[in-house]
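Structure at a glance
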Amino acid sequence: MAPDSITQERTEGDTATGLDYDSIVIGAGISGLYQLYRLRQQGQRVKVFEMGTGVGGTWYWNRYPGCRFDSESYSYGYSWSQEILDEWDWTEHFSPQPETEKYLNFVADKFDLRKDIQFSARVAKAYYQDDSRSWKVTLDDGTEHTSRFLVTAIGPLSAPVFPRIEGRDSFKGEAYHTGLWPKHEVSCEGKRVAVIGTGATGVQAITEIAKTAKTLTVFQRRPNWCKPLMNRKISKQEMADIRAQYDEIFQKCKESATCFLHTPDLRNTFDVSEEERLAFWQQQYDSPGFAMWVGNFRDMMTNRDANDAVSAFVAEKIRERVNDPTVAELLIPDDHGFGTRRVPQESGYFEIYNQDNVELVSILKTPIEEITETGLRTGDREFEFDMIVYATGFDAITGSFDRIDIRGAGGQTLKDKWKAGPKTFVGVMVQNFPNMYMLVGPHTALGNIPRSIEYAVEWVSDAIGHLTANGYTYADATQAAEDEWTKFVIKGNEGLLSADVDSWMTGVNQNVEGKQVRIIARYSGSAPVFREWCDTEAANGYPGITKA
Ligand code: NA7
């Protein structure tokens, strides 16, 4: 039962309460690994339950061809350990998945994290126990585990979704979802391959698969605005230079609104002459990473004319790069502007449509009607394939929470609490879900995710440390604090062009029941503002949290 006022009630240590652990962390990805490390450093008994057979989260599951960072490698890695920074060499500006998975294994080994992680352990239920102020976590295998605190480290893009198309199980060839890619080698060599989906994942996979497949047929519903990634190798000397600049790199990320190395240009689009504008965009188009998305003119995401102008610039690039004008037009989005959905970064994506073995099929007018034993059927054609790749994305942000039966005080389900959209306190706590902390859940700063993760882990660790040091066994966000933050997040979305577009960022997923309506699941403000809010909360002794 929730106490009705802040009290100073002290209880004995957790061992005396009979709980299995002080904290249970769900997930051993970038956030779960660091959370385990931090809480263990604080002397806690921690257990991590991880669904996969290895560490890495996103970088464990997404092993599809072509998978790699869109953030500069050296801005993405952990910053909290000098040893890691000293010992790890990135070999490419945008690390490929195998290297990133190796990196996270290196971290896990270095700090002996595996001993507190149970693999192949899917959490099915997490129930708050009112009487003992603890969490009971039930795994798929029926085993139950208890802890004072529960930390969800389950990622915003970790619940893969298949399209709702009839006959999907009848296909007799190979079929893979990019987010559930098998560990064994998958060869496309000489095969007739279909890829469904052209988001950030599809764009990477398609470009790679086109290199070896006998034929590749891309089924595109809505095209996305893409820009060149401009990846390249990092030489030993360059890595030494990067290492020498780590402090500056992380400081820059800390000051930037999106935690990337790129910061917006403080001019408005039409403050400069057309000539200057085009030269600026050209330079951005040719720059590595997200420069053009998060480093553009400051009004690009709020002024429709400005956004139309940059979109027209990028459309011209597509026309220049794709030989067949009809195909080029199909690849140019006409329902949203540049940057209003996640911008896929590509390495020769548009040029693959000039290859004889690649065909683009727009399914906007002629949707896929059925997956058959031998391929699939659209409104006007029958196709035969050896392999179908589903690059159809995730039930984003709240989806990974929906897949666990999470119940707070009095048995309230999280799903029910969030049925009209998430409500959180600084994206970390949910009122009436005491002692539960979310890392990169809804309403937190995301951007260059590991930067946000590190901050969240440290904030949560400090908050738990504060409770423990003061003998509290209960912490719940106040209703007022949750309302205030939720209102702030919603207000921050006003005026953004991206708020008017269907995408995973606005919570719309036609493949998931009940997710056809836009919600505000993301915090769209700047990361420094977010951190200031959280820092103030901590500095003032957590007034937004009822403690007992
Ligand atoms: P996204 O960005 O959600 O893309 C999913 C793609 O799959 C997108 O092109 C969808 O078309 C398409 N899709 C989804 N359902 C269907 C059906 N039923 N038929 C045809 N096409 C479909 O997921 P990603 O995995 O690419 O990227 C997610 C994030 O992960 C990414 O932003 C990075 O941050 C990492 P639609 O656009 O809905 O018309």
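The rules we used
- Residues numbered from 1 in each chain as written.
- Predicted model: local features only at pLDDT ≥ 70, side-chain atom pairs only at ≥ 80, totals over all residues.
- Heavy atoms only, no water.
- Phe/Tyr/Trp six-rings, centres within 6.5 Å; stacked < 30°, edge-to-face > 60°.
- Helix = DSSP H or I, 4+ residues; strand = E, 2+ residues; numbered from the N terminus.
- Buried < 20%, exposed > 50% of the residue type's maximum accessible area, 1.4 Å probe, protein only.
- Lys NZ or Arg CZ within 6 Å of the ring centre and 35° of its normal.
- Core = buried A, V, L, I, M, F, W, Y, C linked by side-chain atoms within 4.5 Å.
- Domains from an automatic or database assignment.
- Contact = heavy atoms within 4.5 Å.
- Buried area = accessible area lost by both parts, 1.4 Å probe.
- Salt bridge = Lys/Arg side-chain N within 4 Å of Asp/Glu carboxyl O.
- Polar contact = N/O pair within 3.5 Å; in protein donor to acceptor, adjacent residues only side chain to side chain.
- 1 Å grid on protein atoms, 1.4 Å probe; cavity = no way out; pocket = protein on both sides within 12 Å on 5 of 7 lines; lining within 4 Å.
- Points joined across faces, edges and corners; volume = space filled by probe spheres on them.
- Nonpolar A, V, L, I, M, F, W, Y, C, P; charged D, E, K, R; others polar.
- Axes fitted to C-alpha atoms, helices over the stretch in contact; angles between N-to-C directions.
- Parallel < 35°, antiparallel > 145°, perpendicular 65-115°, else oblique.
- Left-handed = near helix turned anticlockwise from the far one by under 90°.

1. A look at the packing of aromatic side chains
The description of an aromatic ring pair uses the distance of the two centres, along with the angle that the planes make with each other. Evaluation of the coordinates by the stated rule reveals 43 aromatic pairs. Taking 5.7 Å as the distance between ring centres and 75° as the angle between the ring planes, the aromatic pair formed by Trp 459 and Tyr 542 counts as edge-to-face. A residue pair is termed long-range when its members are at least 10 positions apart, and Trp 459 in helix H16 (residues 449-469) and Tyr 542 in the loop between helix H18 (527-539) and strand E20 (545-547) qualify at 83 residues. Across this residue pair, the class does not change: Trp 459 and Tyr 542 are buried. Members of the aromatic cluster, each reached through a chain of ring pairs, are Tyr 34, Tyr 37, Trp 59, Phe 69, Tyr 76, Tyr 78, Trp 80, Trp 88, Trp 90, Tyr 103, Phe 106 and Phe 111. Above the face of the Phe 280 ring, Arg 267 is positioned so that its terminal group lies 5.4 Å from the ring centre.

2. Brief notes about the nonpolar core
Tyr 78, Leu 216, Tyr 353, Tyr 437 and Trp 459 are the most contacted members of the largest nonpolar core, which has 123 residues in total. With nine residues, the single largest contributor to this core is H16. Taken domain by domain, this core gets at least three of its residues from each of domain 1 (17-55 + 113-159 + 396-547) and domain 2 (194-233 + 260-390). Among residues more than four places away in sequence, those in contact with Tyr 353 are Ile 206, Val 218, Val 327, Leu 331, Val 358 and Leu 360. Ile 24, Ile 406, Trp 418 and Phe 433 belong to the second-largest nonpolar core, a separate cluster that totals 25 residues.

3. What to know about the domain arrangement of the chain
We note that the domain assignment places domain 1 (17-55 + 113-159 + 396-547) and domain 2 (194-233 + 260-390) within the chain. Here the C-alpha centre of domain 2 lies 33 Å away from the C-alpha centre of domain 1. Each partner contributes to the interface: domain 1 provides twelve residues, whereas domain 2 provides 13 residues. Buried area between domain 1 and domain 2, both sides added, is near 1,100 Å², and the carbon and sulfur share of it is 64%. Applying the counting rule to domain 1 against domain 2 returns one salt bridge. Run the count over domain 1 and domain 2 and you get two residue pairs in polar contact (both at pLDDT 80 or more).

4. Quick notes on empty space enclosed by the protein
According to the stated counting rule, one finds six cavities of 30 Å³ or more in the structure shown. Looking at the largest cavity, its volume works out to about 80 Å³. A per-class count over the lining of the largest cavity returns five nonpolar, six polar and one charged.

5. Overview of the side chain of His 93
For His 93, the position within the fold is in the loop between helix H5 (82-87) and helix H6 (97-110). Of note is the side chain of His 93, whose polar atom sits 3.0 Å from the side chain of Glu 238.

6. Quick look at the packing of helix H10 (residues 274-285) against helix H12 (residues 304-321)
The N-to-C vectors of H10 and H12 enclose an angle of 55°; their axes lie 11 Å apart at closest approach. As judged from the angle between their axes, H10 and H12 are oblique. Between H10 and H12 lies a crossing whose hand is right-handed. Between H10, through Leu 278, Trp 281, Gln 282 and Tyr 285, and H12, the contact on the second element is made entirely by Ala 309, Val 310, Phe 313, Val 314, Lys 317 and Arg 321. Classifying every residue of the contact of H10 with H12 gives seven nonpolar, one polar and two charged.

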